[in-house]
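# Fold and contact review
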Amino acid sequence: MKKPEILITAQGRKIAYHKTDGEGPGVVFLGGFSSDMDGTKAIHLENWAREFGRAFIRFDYSGHGQSSEQFVDGCIGDWAEDAFEVISHLTSGPQILVGSSMGGWITLLMAKLIPNKVAGMVGIAAAPDFTEDSMWDWMDDMMRATLMRTGVVYIPSEYGKPYPITKHLIEDGRKQLVLRSELKLPFPVRLLHGTADNDVKLDVALRLVDHAQGPDIKLSIIKDADHRFSDDKCLNLICEAIHSVIESGYK
């Protein structure tokens, strides 16, 4: 397996990434919470980019995969900084940001922070504001009290070990919320969400579509697709969504 390249951020974090050269607008894949850049979707999109001669980057947030730092020390703000550094230093011109789950939230933060660098967005089971609307709301009073007292609680995961949820993650998440204030998306947006997604409910996608302001925002609801969104049908739908963004923004 090819070793990743390393970007040292302004904060001193070492971000591992793989970059594929090609035409623009390039595609940047932003993964989910506790995932890494070697997942099925990221690798599939890299192969797609090579086939179509499209520039592409996949990377690991700090505390994820092959990047530096510890996962338990990270937060949405840190991972958004990582994405900002990758997009700012490793790409040329506006990019199509493909965000999976938490990556969809990070993508929306990039749209607010560096809109001139965003050519379009594809959200795959996008999970904006999940630390507040999913994690915090899911906790009972006892878990919340434990979190405030000890600084961490653990919640079950279908994908392996329980997730450590820190007080830092929750409190920082409240500074990054995107569904409580104006959200302008002045570029093509394609959102994909499955009816069998048990991690991010369809209501989140509907709320995002209703809240965001933009001339070209479309939501596709895929029957029986789950949160992984990684079978052949779903992978093809992601690629079709990217093509749709390209055609809509660059005719």
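To start, this report covers the structure provided alongside it. (Residues numbered from 1 in each chain as written. Predicted model: local features only at pLDDT ≥ 70, side-chain atom pairs only at ≥ 80, totals over all residues. Heavy atoms only, no water.)

Let us now look at the pairing of strand β6 (residues 118-124). With seven of seven residues buried, β6 is to be regarded as a mostly interior element. Sheet topology places strand β5 (residues 95-100) next to β6; six bridges connect them, and they run parallel. Residue pairing in the sheet places serine 100 in a bridge with isoleucine 124 of β6. The parallel pair β5 and β6 is bridged by helix α3 (residues 102-113), and the resulting crossover is right-handed. (Buried < 20%, exposed > 50% of the residue type's maximum accessible area, 1.4 Å probe, protein only. Helix = DSSP H or I, 4+ residues; strand = E, 2+ residues; numbered from the N terminus. Pairing = 2+ DSSP bridges. Right-handed = clockwise from strand over helix to strand, strands pointing away.)

Attention shifts here to the nonpolar core. Counting residues in each nonpolar core, the largest one holds 55 residues, and the members touching the most others are Phe33, Phe59, Ile76, Trp79, Ile106, Ile165 and Leu185. With sequence-adjacent residues up to four places away left out, isoleucine 76 is seen in contact with Met102, Trp105, Ile106, Leu109, Phe130, Thr131, Leu169, Asp172, Gly173 and Gln176. Core analysis: the next-biggest nonpolar cluster, separate from the first, contains 24 residues, Val27, Phe29, Phe56 and Ile238 among them. (Core = buried A, V, L, I, M, F, W, Y, C linked by side-chain atoms within 4.5 Å. Contact = heavy atoms within 4.5 Å.)

Turning next to the pattern of salt bridges. A side chain of one charge can pair with a side chain of the opposite charge if their charged atoms are brought near each other. Enumeration over the complete set of coordinates arrives at 12 salt bridges. Here glutamate 46 makes a salt bridge to arginine 58, at a shortest N to O gap of 2.9 Å. You can see glutamate 46 sitting in helix α1 (residues 40-52) and its partner arginine 58 sitting in strand β4 (residues 54-59), a full 12 residues away along the chain. A residue is classified by how much of its surface remains accessible, and glutamate 46, at 6% relative accessible area, is buried. Using a relative accessible area of 6% as the deciding quantity, one classes arginine 58 as buried. Put simply, arginine 180 and aspartate 129 hold a salt bridge, and the shortest N to O gap is 2.8 Å. Here arginine 180 is found in the loop between α6 (167-173) and β9 (189-194), whereas its partner aspartate 129 is found in the loop between β6 and α4 (130-138), with 51 residues between them in sequence. Judged by its relative accessible area of 43%, arginine 180 is partly exposed. (Salt bridge = Lys/Arg side-chain N within 4 Å of Asp/Glu carboxyl O.)

Let us look at the layout of surface pockets. In this structure, the largest pocket occupies an estimated 1,300 Å³ of space. Forming the walls of the largest pocket are 43 residues, and the residues nearest its centre are Ser101, Tyr159, Tyr163, Asp199 and His227. Put simply, the parts of the chain that give the lining of the largest pocket at least two residues each are α1, α4, β8 (163-166) and α7 (202-211). Residue contributions to the lining of the largest pocket peak at five residues, all from α4. Taken together, the residues of the lining of the largest pocket break down into 18 nonpolar, 14 polar and 11 charged. (1 Å grid on protein atoms, 1.4 Å probe; cavity = no way out; pocket = protein on both sides within 12 Å on 5 of 7 lines; lining within 4 Å. Points joined across faces, edges and corners; volume = space filled by probe spheres on them. Nonpolar A, V, L, I, M, F, W, Y, C, P; charged D, E, K, R; others polar.)

What follows concerns a negative patch on the surface. Taken together, the side chains of Glu158, Asp199, Asp226, Asp231 and Asp232 define an acidic patch exposed on the protein surface. On the basis of relative accessibility, which here comes to 37%, the residue aspartate 226 falls in the partly exposed class. (Patch = residues over 30% accessible without salt bridge, like charges linked within 9 Å, V, L, I, M, F, W, Y side chains within 5 Å. Areas by Shrake-Rupley, 256 points an atom, 1.4 Å probe, with all protein chains shown as cover. Lys, Arg positive; Asp, Glu negative; His and termini not counted. Charge placed at Lys NZ, Arg CZ, Asp CG, Glu CD.)

Once that is clear, we can look at helix α2 (residues 76-90). Given 3.6 residues to a turn, an α-helix orients residues that are three or four positions apart in the same direction. For α2, built from 15 residues, the straight-helix expectation of 21 Å at 1.5 Å per residue is met to within 8% by its first-to-last C-alpha distance of 21 Å. Most of α2 is tucked away, with 11 of its 15 residues classed as buried. Every buried residue of α2 is listed here: Ile76, Gly77, Asp78, Trp79, Ala80, Asp82, Ala83, Glu85, Val86, Ile87 and Leu90. (Expected span 1.5 Å × (residues − 1).)

Contact geometry of α2 with α3 gives a least axis separation of 10 Å together with a crossing angle of 65 degrees. Classified by chirality, the crossing of α3 by α2 is right-handed. Here Ile76, Trp79, Ala80, Ala83, Phe84 and Ile87 of α2 come into contact with α3, specifically with Met102, Trp105, Ile106, Leu109, Met110 and Leu113. (Axes fitted to C-alpha atoms, helices over the stretch in contact; angles between N-to-C directions. Left-handed = near helix turned anticlockwise from the far one by under 90°.)

Moving on: the sheet that holds strand β1 (residues 5-8). One open sheet holds the eight strands; their spatial order is β1-β2-β4-β3-β5-β6-β9-β10, and the pairing between them is mixed. On the outer flanks of this sheet lie β1 and β10 (217-222), each paired with one strand and no other. Ignoring strand direction, the axes of neighbouring strands in this sheet form an average angle of 20 degrees. Pairing geometry for strand β2 (residues 14-20) and β4, over four bridges, is antiparallel. The residue bridging lysine 19 from the neighbouring strand is isoleucine 57, located in β4. Contacting β9 and β10, α7 runs over the sheet at an angle of about 165 degrees to β10.

In this section: the packing of aromatic side chains. For the coordinates displayed, the defined rule picks out nine aromatic pairs. Both rings, one in phenylalanine 33 and one in tyrosine 163, keep their centres 5.1 Å apart while their planes meet at 70 degrees; by these two values the pair is edge-to-face. With a gap of 130 residues between them, phenylalanine 33 in the loop between β3 (23-30) and α1 and tyrosine 163 in strand β8 connect regions that are remote in the sequence. For the pair formed by phenylalanine 33 and tyrosine 163, the shared burial category is buried. The interplanar angle of 80 degrees and the centroid separation of 5.3 Å between the aromatic rings of phenylalanine 59 and tyrosine 61 together place this pair among those described as edge-to-face. Per residue, the accessibility class of phenylalanine 59 equals that of tyrosine 61, and both read buried. (Phe/Tyr/Trp six-rings, centres within 6.5 Å; stacked < 30°, edge-to-face > 60°.)

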